[in-house]
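# Structure assessment
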Protein chains: 2
Amino acid sequence: MAKEITSREEDYSKWYLDIVRKAGLADNSAVRGCMVIKPTGYAIWENMRDQLDKMFKETGHVNAYFPLFIPKSFLSKEADHVEGFAKECAVVTHHRLMNNPDGSGVVVDPSAKLEEELIVRPTSETIIWNTYKDWINSYRDLPLLINQWANVVRWEMRTRPFLRTAEFLWQEGHTAHATSQEAIEESQLIHEVYARFAEDYMAMPVIKGAKSANERFAGAVETYTIEALMQDGKALQAGTSHFLGQNFAKAFDVKYLNSANKEEYVWATSWGVSTRLVGGLIMTHSDDEGLVLPPKLAPTQVVIVPIPKPSPEIMEVAAKIKKELNAHGVSVKIDEDAKKRPGFKFAEYEMKGVPVRIGIGKRDLEKNQVEVARRDTKTKESHSLDGIATHVVELLDVIQSNLFNKAKQFRDDMTSEANDFKTFEELINDKGGFVSAHWDGTVESELKIKELTKATLRCIPNDAVEESGKDLISGAPSSKRVLFAKAY
Amino acid sequence: MAKEITSREEDYSKWYLDIVRKAGLADNSAVRGCMVIKPTGYAIWENMRDQLDKMFKETGHVNAYFPLFIPKSFLSKEADHVEGFAKECAVVTHHRLMNNPDGSGVVVDPSAKLEEELIVRPTSETIIWNTYKDWINSYRDLPLLINQWANVVRWEMRTRPFLRTAEFLWQEGHTAHATSQEAIEESQLIHEVYARFAEDYMAMPVIKGAKSANERFAGAVETYTIEALMQDGKALQAGTSHFLGQNFAKAFDVKYLNSANKEEYVWATSWGVSTRLVGGLIMTHSDDEGLVLPPKLAPTQVVIVPIPKPSPEIMEVAAKIKKELNAHGVSVKIDEDAKKRPGFKFAEYEMKGVPVRIGIGKRDLEKNQVEVARRDTKTKESHSLDGIATHVVELLDVIQSNLFNKAKQFRDDMTSEANDFKTFEELINDKGGFVSAHWDGTVESELKIKELTKATLRCIPNDAVEESGKDLISGAPSSKRVLFAKAY
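Owing to the predicted nature of the structure, the values given are computational and were not obtained by experimental measurement.

## Some details on the sheet that holds strand β26 (residues 481-485) of chain B
Residues and elements named next belong to chain B.
- Pairing is mixed across the open sheet formed by 11 strands, whose spatial order is β3-β8-β9-β15-β12-β11-β10-β23-β26-β22-β21. With partners counted over all chains shown, the strands left at the sheet margins are β3 (62-63) and β21 (415-417), one partner each.
- As paired strands, β3 and strand β8 (residues 144-153) are joined by two bridges and run parallel to one another. Looking at β8, one finds that N63 is bridged to N147.

## Concerning the interface of chain A and chain B
- Across the contact, 52 residues belong to chain A and 52 residues belong to chain B.
- For the side of chain A that touches chain B, the element with the highest residue contribution is strand β5 (residues 88-99) of chain A, accounting for 10 residues.
- Here the residues of the side of chain A that touches chain B are counted per class, giving 32 nonpolar, 11 polar and nine charged.
- In this structure, β5(A) lies alongside strand β5 (residues 88-99) of chain B, joined through five bridges in antiparallel fashion. Residue pairing for β5(B): V92(A) is matched across the bridge by V92(B).

## Digging into the nonpolar core
- The biggest cluster of nonpolar side chains holds 290 residues, and the ones touching the most others in it are A198(A) and A198(B).
- The residues contacting A198(A), other than those within four sequence positions of it, are M204(A), V206(A), I226(A), A228(A) and A238(A).

## What about the relation of the copies chain A and chain B?
- Once turned by 180° and shifted 0.0 Å along the axis, chain A lies on chain B with an RMSD of 0.0 Å. Classification of the inter-copy transformation places it as that of a two-fold axis. In terms of C-alpha distance to the rotation axis, chain A has V92(A) as its closest residue, with the C-alpha 2.1 Å off the axis.
- When you check the interface residues of chain A against chain B, 100% turn up at the interface there too, and the contact is symmetric in its surfaces.

## Points about the environment of S331(A)
All names here are of chain A.
- The residue S331 is located in the loop between α9 (312-327) and β17 (332-334) in this model.
- For the pair formed by S331 and K262, sequence separation is 69 residues and the distance between their alpha carbons is 56 Å.
- Leaving out residues up to four positions away in the same chain, S331 has contacts with P299, T300 and Q301.

## Notes on the packing of helix α2 (residues 39-58) of chain A against helix α8 (residues 276-285) of chain A
All names here are of chain A.
- The contact between α2 and α8 brings their axes to 10 Å, and the two run at 105°. The orientation of α2 with respect to α8, classified from their angle, is roughly perpendicular. Residues G41, I44, W45 and M48 of α2 touch α8, and the partners they reach there are L277, V278 and L281.
- By residue class, the composition of the contact of α2 with α8 is six nonpolar, one polar and no charged.

## What about the packing of helix α9 (residues 312-327) of chain B against helix α12 (residues 388-413) of chain B?
All names here are of chain B.
- α12 packs onto α9 with a crossing angle of 50° between their chain directions and a minimal axis gap of 9 Å. Regarding the angle of α9 to α12, the classification is oblique. In this structure, α9 meets α12 at a crossing whose hand is right-handed. Counting all contacts with α9, which are made through I321, E324 and L325, the residues of α12 involved are I388, A389 and V392.
- Within the contact of α9 with α12, the residues separate by chemical class into five nonpolar, no polar and one charged.

## Considerations on the sheet that holds strand β20 (residues 380-384) of chain A
All names here are of chain A.
- With respect to topology, five strands assemble into an open sheet ordered β17-β16-β18-β19-β20, the strand pairing being mixed. With one partner strand each, in any of the chains shown, β17 and β20 form the two edges of the open sheet. Across this sheet, the average inter-strand angle for adjacent strands is 25°, counted without regard to direction.
- In this sheet, β17 lies alongside strand β16 (residues 302-307) in parallel orientation, the contact comprising three bridges. Opposite V303, over in β17, you have K333 as the bridge partner.
- In the packing of helix α10 (residues 342-352) onto the sheet, the strands contacted are β16 and β18 (356-361), and the crossing angle to β16 comes to about 170°.
- Taken strand by strand, helix α12 (residues 388-413) contacts β16, β18, β19 (369-374) and β20, and its axis lies near 10° from that of β19.

## Focus on the pairing of strand β8 (residues 144-153) of chain A
- In this structure, β8(A) lies alongside strand β9 (residues 167-177) of chain A, joined through 10 bridges in antiparallel fashion. Each residue of the ladder has a partner; that of L145(A), found in β9(A), is T175(A).

## Here's the deal with the confidence of the model for chain A
- Counting all residues, the mean pLDDT for chain A is 96, and 99% of those residues have values of 70 or more.
- Under the prediction, the complex receives an ipTM of 0.96, its pTM being 0.96.

## Topic: α10(A)
Residue and element names in this part refer to chain A.
- Taken together, the buried positions of α10 are occupied by Y349, E350, M351 and K352.
- Next to the buried residues of α10 lie α1 (12-22), α2, β16 and β18.
- G353 occupies a position one or two residues after α10 and carries a positive phi of about 80°.

## Focus: the environment of K262(B)
Residue and element names in this part refer to chain B.
- By secondary structure assignment, the location of K262 is in the loop between β13 (255-257) and β14 (263-265).
- A tally of 9 C-beta atoms within 10 Å means that K262 is categorised as exposed.
- Linking K262 and S138, residues 124 residues apart in sequence, is a C-alpha distance of 9.5 Å.

## A short note on the environment of N462(B)
Residues and elements named next belong to chain B.
- Structurally, N462 is set in the loop between β23 (456-461) and β24 (469-470).
- Given 14 C-beta atoms within 10 Å, N462 falls into the partly exposed group.
- For N462 and S212, which are 250 residues apart along the polypeptide, the C-alpha to C-alpha distance reads 13 Å.
- Filtering out sequence-adjacent residues up to four positions away, N462 remains in contact with K208 and G209.

## Side note on the pairing of β19(A)
Residues and elements named next belong to chain A.
- Across four bridges, the pairing between β18 and β19 is antiparallel. Residue V356 lies in a different strand from β19, and its bridge partner there is R374.
- Pairing between β19 and β20: five bridges, direction antiparallel. Across the sheet, A373 pairs through a bridge with K380, a residue of β20.
- The antiparallel hairpin formed by β19 and β20 contains five residues in its connecting segment, where K378 sits at a positive phi of about 55°.

Definitions and cut-offs
Residues numbered from 1 in each chain as written. Chains lettered and ligands numbered in written order. Predicted model: local features only at pLDDT ≥ 70, side-chain atom pairs only at ≥ 80, totals over all residues. Pairing = 2+ DSSP bridges. Helix = DSSP H or I, 4+ residues; strand = E, 2+ residues; numbered from the N terminus. Contact = placed C-beta atoms within 7 Å. Nonpolar A, V, L, I, M, F, W, Y, C, P; charged D, E, K, R; others polar. Core = buried A, V, L, I, M, F, W, Y, C linked by C-beta atoms within 7 Å. Buried ≥ 20, exposed ≤ 12 C-beta atoms within 10 Å, placed from the backbone. Least-squares fit on C-alpha atoms with pLDDT ≥ 70 in both. Axes fitted to C-alpha atoms, helices over the stretch in contact; angles between N-to-C directions. Parallel < 35°, antiparallel > 145°, perpendicular 65-115°, else oblique. Left-handed = near helix turned anticlockwise from the far one by under 90°. pLDDT = per-residue confidence, 0-100.

As structure tokens, this is what we get:
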């Protein structure tokens, strides 16, 4: 099985597609740019969703659901927003089909043309703020802390499973606040939640920072981002949180009476992560043998393989271990298939990224032991049956930490400093990764760098230290370094 | 608050809309026929979804996700299916907007017309079976037991929140099997799961049965349904499970190699329940004071109200009760608002259908007791603080059973027999509810009854007893009774 995977060195892009296909994560569909998320891929997304949903609820948010369609005129109400989103989208123009008079199937019924076209939501700020107008009257209605789990559509020309698809699944939070300060704090709180989720659950280290004006969300005053580094040295924007100021409140006329009985526009945030995170997860940890999953998000955490095949004695021990691990909240699969050989199964579970494999053979059992193999390091060792469940539970934690540390080491090794453009260009082209450099804060310098190197300004890190330097392009003075990289 | 609700007797339809609005379940949107599901309404749906998802997984199903869009030509591939679904639907014809040359916003870019129109899925059999073609080769790939949680769109002319909306949320199971028998058993298994969910969780009694050929799902060989009775005497189809035979396998050319190495078409089922269930839940239990929720699906099961307002002493007891109830898995809200009076709060929680309210006052505490009020019976009693958590946990079970029994009593009282058309017509028009009558099995009799009375054949009950009788219209012989009713 593993032989069928292209190595990362040979062709990173093909390696990624091989993993997606061979590990059963996603498939192409008959609709251009839309993927089918297969059961294993969807189970990973479900685990992400459940954990994020818990974190949102713990921080006071509730879920709701808004319409799939947005009236075309809504998109024009916020000037920047329409520039960013209203262009490549799915437009519904009719509401009926009819039998083709020539008998060849169905055609659009020309008499069923909509008065106003509907856009399949690319993001929901406009339809939601149009609704908030009815929900918000006084300061007592604030804050409004709402999240939505939904599908959205952006008509992308070049797509790649999970990373960029025309339709994708995501969550979008949309909150309303009485003060600017409170809205900024909300966007920062979610920024922290995203970073914690990425690092503690995905084992994917991220840089927290703000976007430059040029890279901001269309309609935002400030965009906070978490940026991760993939194994090919390209950055992945993994989650953004926006302080929207009063832009949408003004566009949709959403005012509230403050405690002094005076009318004011409401302050807003929005924030989202998507199935793109599944792509990030794959590209952070996987290797040339297949998918590698952090235990906290793995649909199956432990697989038990009878060696060479199931016997009553082996199955009894397997069932006992499974029961003990289940009691610790660990998900376990026992592979009872008597037709496939252990070697075939080992390769299959490596491909699928199951973090721990327990092999149970007759001779091992005679010594009161089993074989425990780690997917991350591809090492294995014998372990006594006594205390095996506790050992595996601890091992899952060790694997989770190891994956994070390994990815962080890689990220750190792939983060360089450049103090002149030539060095910068060489680093971007030859080494890749993040390049930390001074920037004068102008969109001109930023765009020039993009034009010359294809690297974009990923973020102005939250923890950037005060330091005087010069912009790589203009030579103008700068007080801190920002991060550039080529990106997905 | 409650005063603002129209009584059921005065105007049942307006009563329903009042409950939906006042209990904060859903709101109209700017898009015709699409609703906004508000946080409380969505929390009920989440509880339904989580429980159903658990039941599907326990019966061996996994989740996946298929595209929102269906190429127009796919809909024509199964002859009956296109008749049933391809008519009123949202049609995507373009993939881009552009700035209007006159500066008045955005317009559809005529150059971005799709080669083939895309339909927003009204149901996903076609796109899924087109995918299964690639996934199924041999008997070893079967059964394929997949479910999807998704939004779908059917362009309805007359809509009502939850019960009938253009866009709605649902789950749709799509399974593939090697034999007809296995597929029939699957559709019956899900039929049982739906009935169990309706009765054990929604406390909504249902009649299990098969649909007549005329009422079957477009493309099905057999449709199993659960039918509930609302308080106005109208039936609600609450969940259907279809045996699709080989219709979709033939339409999309999905064959498998059986164990004898011979090619055969695959056998299929599909099944779904939707946010319509939230409408059924409201209409089964609620009263003129507001929403009534069965404890197993209530987002907040217990509310604690300090009387007349919070004090350190009262809040300490409230926190202790909350902690104990939480330990039993009960969700509890303590209302700490010092500005609203208890009477106002009582009406508010009645409106929102919180099953149990605990009032804590100073004088009660001196007697080591609190006041426990039930939403279902609107009775209250004092209970000692000793063992209060255990008492409330038991009371929630009692309420759950009481709601089911009350609804079942109503349903049974509203189920009548008719042996001639005149009696039938009187029952349908004057009393409402289910009318059990003989039917000759022809679509002519069924349609005649619909034409004359607006009643439809709801189902041929699974437990119908063999009994000879005569069709109400034709007088032709019949061997068992079927159920008719006016329906949503």
